[in-house]
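Reading the structure
This is what each chain is made of:
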Protein chains: 2
Amino acid sequence: MSLRYALLALLNVEPMTGYDLHKVFESSVGHVWYAPDSQIYPELRKMEAEGLVRGEDIPWGKKATKRRYHVTPAGTGDFEAWMNSPLEYSRVRDPAHLRAAYLEYAAPEAARAQLQAHIAHHEALLRQWNQKIEEIDTGTSAMLTRRLATLPADQRQRSRAFKRFAYEGLIARAEAEIAWARSGLRLLDELGPEA
Amino acid sequence: MSLRYALLALLNVEPMTGYDLHKVFESSVGHVWYAPDSQIYPELRKMEAEGLVRGEDIPWGKKATKRRYHVTPAGTGDFEAWMNSPLEYSRVRDPAHLRAAYLEYAAPEAARAQLQAHIAHHEALLRQWNQKIEEIDTGTSAMLTRRLATLPADQRQRSRAFKRFAYEGLIARAEAEIAWARSGLRLLDELGPEA
DNA sequence: GCCCACTATCTATGTCCATAGGTATTTGTG
DNA sequence: CACAAATACCTATGGACATAGATAGTGGGC
């Protein structure tokens, strides 16, 4: 149900084609939300049918056209209504911590490898997010720059601050995961080889 | 795909009915993995067809029977193979942080309410997990006690340590989320009412 | 001018999961 | 003993998502 709001948020910045949206999900934003194109195109059509976005065929080359969608006032209203409604927290499904609870069943080397993979995974995320923060601070983020350009000057500081805040949360989480996995490695050392 | 491994992990402790498994998911363990009964019963049948578990009809009252499943050697092998295989990290879908990135579109009171709800949500989780740690330390967890009873004495310390480790990770994450949301509230204070 | 990677869109299949029911028996409580 | 609550198991429907394709035009390099 959140896919459409992720799409509305992105289209709010600037009109895009389904292909563009898919590329955005594949890149940076993909670590907050992701969708394959096979989900994006039908959702856009549904949203257009509901009047939340409107697509227009724009020429592409000499024979072809592509469909670029922009948000309608109804779409903006829907998005803001969602933003102002309480967020429902769905049930957790957490394979990493499910495994951790039963790590005794894994071979010690496998347990170690998994914790190291956990660290590597979150370190990679951390690098990306730190880079995002860097881009926000230095104004080198193309997406954010375009978004700021659509806002009145007095709101830009606000927008920038919220964007930074979101990434800070992701960074804090990644750091917590890394610290936890490191403590797991220490635990394996302490417990030594299994009996 | 992880549901069956969650089921195998639980059935490894002791044979249970589908109803029992569902109750376990509804309670404590449900914060690592959850499944509705409408998913559990069919999955158990599939697993039995594949030879991972075996169910036996045991009498219940005077007319009825219930079906209790236990893990077969093939099931144990499958579970251990999974535990020793690398965990694949699926794409993230994170409604809370998606919203945070666009918090400027929310009314300030709504933004504040959401951050407070985020804090309340994770504080509730925190309480449950701290209680779990307490139960592990004091030996008052029925599930863990039964599991420990199935293990040789020299492995109990190990099992207890891993279980504690898993909950420590969940606690660390919840604390990070709370700290982040609190910093968001401070940010709202600093930015003041919107223009 | 040919080839190839990219852009752009679409369909089809299957799994996972949420939600909402249904039925029958048993067990505990007043 | 009646009755409610819990136990036990089941089906049906629909949405969300993964995966794996198909098709067709475009743009750039050799």
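Computed from a predicted structure; not experimentally measured.

1. Notes on the overall build of chain A
Within chain A, the secondary structure is distributed over eight helices and three strands. Tracing chain A from N to C terminus, the helices and strands come up as α-β-α-α-β-β-α-α-α-α-α. Computed over C-alpha atoms, the radius of gyration of chain A comes to 21 Å, more than 25% over the 16 Å expected from 2.2 N^0.38 for 195 residues, which places it beyond the range of a compact globule. Here the C-alpha coordinates of chain A stretch approximately 70 × 40 × 35 Å along the principal axes. In chain A, which comprises 195 residues, the proportion classed as buried is 48%. Accessible surface, chain A: about 9,600 Å² in total, of which carbon and sulfur atoms supply 52%. Here chain A contributes 26 positively and 26 negatively charged side chains, and the mean placements of these two sets differ by 7 Å.

2. Some points on the side chain of A:Glu135
Inspection of the secondary structure puts A:Glu135 in helix H6 (residues 108–138). Ignoring anything within four residues of it in the chain, the contact list for A:Glu135 reads A:Thr140 and A:Ser141.

3. Regarding the UniProt feature "domain: Transcription regulator PadR C-terminal" (unreviewed entry) in chain A
UniProt records the feature "domain: Transcription regulator PadR C-terminal" (unreviewed entry) for residues 92–188 of chain A in the present numbering. Between the C-alpha atoms that bound residues 92–188 of chain A the distance is 27 Å, and the span itself is 85% helix and 0% strand.

4. Some remarks on the protein's contact with DNA strand C
The environment of DNA strand C is formed by 24 residues, the closest being A:Lys66, A:Arg67, A:Arg93, B:Ser38 and B:Lys63. Atoms of DNA strand C within 4 Å of the protein: sugar and phosphate make up 67%, bases the balance. For DNA strand C, a phosphate oxygen lies 3.1 Å from a polar atom in the side chain of A:Tyr19. Within the backbone of B:Lys63, a nitrogen or oxygen atom sits 2.7 Å from a phosphate oxygen of DNA strand C.

5. Quick notes on the protein's contact with DNA strand D
Around DNA strand D, the surrounding shell holds 24 residues, and the nearest of these are A:Ser38, A:Gln39, A:Lys63, B:Lys66 and B:Arg67. Considering the 4 Å shell around the protein, atoms of DNA strand D inside it are sugar or phosphate in 69% of instances. For DNA strand D, a phosphate oxygen lies 3.4 Å from a polar atom in the backbone of B:Gly18. At the level of elements, helix H3 (37–49) of chain A together with helix H2 (18–26), helix H3 (37–49) and strand S3 (64–71) of chain B are the ones that each hand at least two residues to the surface near DNA strand D. Here the residues of the surface near DNA strand D sort into nine nonpolar, six polar and nine charged.

6. Some remarks on the packing of helix H6 (residues 108–138) of chain B against helix H8 (residues 153–191) of chain B
Residue and element names in this part refer to chain B. Contact pair H6 / H8: the axes reach a minimum separation of 9 Å and the direction vectors enclose 160°. Here H6 is positioned roughly antiparallel relative to H8, judged by the angle of their axes. For the pair H6 and H8, the sense of crossing is left-handed. Of the residues that constitute the contact of H6 with H8, the class distribution is 17 nonpolar, five polar and 12 charged.

7. Some words on the interface of chain A and chain B
In this complex, chain A contributes 75 residues to the contact, which on the side of chain B involves 75 residues. Interface of chain A and chain B: buried area, both sides summed, is about 7,200 Å²; carbon and sulfur atoms make up 62% of it. Taken as a group, A:Arg99, A:Tyr105 and A:Phe165 account for 11% of the area that chain A buries against chain B, more than any other trio of residues on that side. Counting across the interface, chain A meets chain B through eight salt bridges. Notably, a salt bridge pairs B:Arg147 with A:Glu104, separated by 2.1 Å at the nearest N-O pair. The interface formed by chain A and chain B includes 30 residue pairs in polar contact (both at pLDDT 80 or more). Among the secondary structure elements, those contributing two or more residues to the side of chain A that touches chain B are helix H1 (3–13), helix H4 (73–83), helix H5 (95–101), H6 and helix H8 (153–191) of chain A. Broken down by element, the side of chain A that touches chain B gets its largest block of residues, 22 residues, from H8(A). Broken down by class, the residue content of the side of chain A that touches chain B amounts to 43 nonpolar, 17 polar and 15 charged.

8. Brief notes about the sheet that holds strand S1 (residues 16–17) of chain A
All names here are of chain A. Read across the open sheet, the three strands follow the order S1-S3-S2; overall the sheet is antiparallel. Every interior strand has two partners, whereas the edge strands, S1 and strand S2 (53–60), have only one. Where S1 and strand S3 (residues 64–71) come together, two bridges link them in antiparallel fashion. Residue pairing in the sheet places Met16 in a bridge with Tyr69 of S3.

9. A closer look at the environment of A:Val53
All names here are of chain A. Structurally, the position occupied by Val53 is in strand S2. Of the residues examined, Val53 reaches a relative accessible area of 2% and is grouped as buried. The spatial distance from the C-alpha of Val53 to the C-alpha of His70 is 5.5 Å, given a sequence separation of 17 residues.

Thresholds applied
Residues numbered from 1 in each chain as written. Chains lettered and ligands numbered in written order. Predicted model: local features only at pLDDT ≥ 70, side-chain atom pairs only at ≥ 80, totals over all residues. Heavy atoms only, no water. Helix = DSSP H or I, 4+ residues; strand = E, 2+ residues; numbered from the N terminus. Rg over C-alpha atoms; globule rule 2.2 N^0.38 Å. Buried < 20%, exposed > 50% of the residue type's maximum accessible area, 1.4 Å probe, protein only. Areas by Shrake-Rupley, 256 points an atom, 1.4 Å probe, with all protein chains shown as cover. Lys, Arg positive; Asp, Glu negative; His and termini not counted. Charge placed at Lys NZ, Arg CZ, Asp CG, Glu CD. Contact = heavy atoms within 4.5 Å. UniProt positions renumbered as here; feature names shortened; annotations may be inferred. Near = heavy atom within 4 Å. Polar contact = N/O pair within 3.5 Å; in protein donor to acceptor, adjacent residues only side chain to side chain. Nonpolar A, V, L, I, M, F, W, Y, C, P; charged D, E, K, R; others polar. Axes fitted to C-alpha atoms, helices over the stretch in contact; angles between N-to-C directions. Parallel < 35°, antiparallel > 145°, perpendicular 65-115°, else oblique. Left-handed = near helix turned anticlockwise from the far one by under 90°. Buried area = accessible area lost by both parts, 1.4 Å probe. Salt bridge = Lys/Arg side-chain N within 4 Å of Asp/Glu carboxyl O. Pairing = 2+ DSSP bridges.

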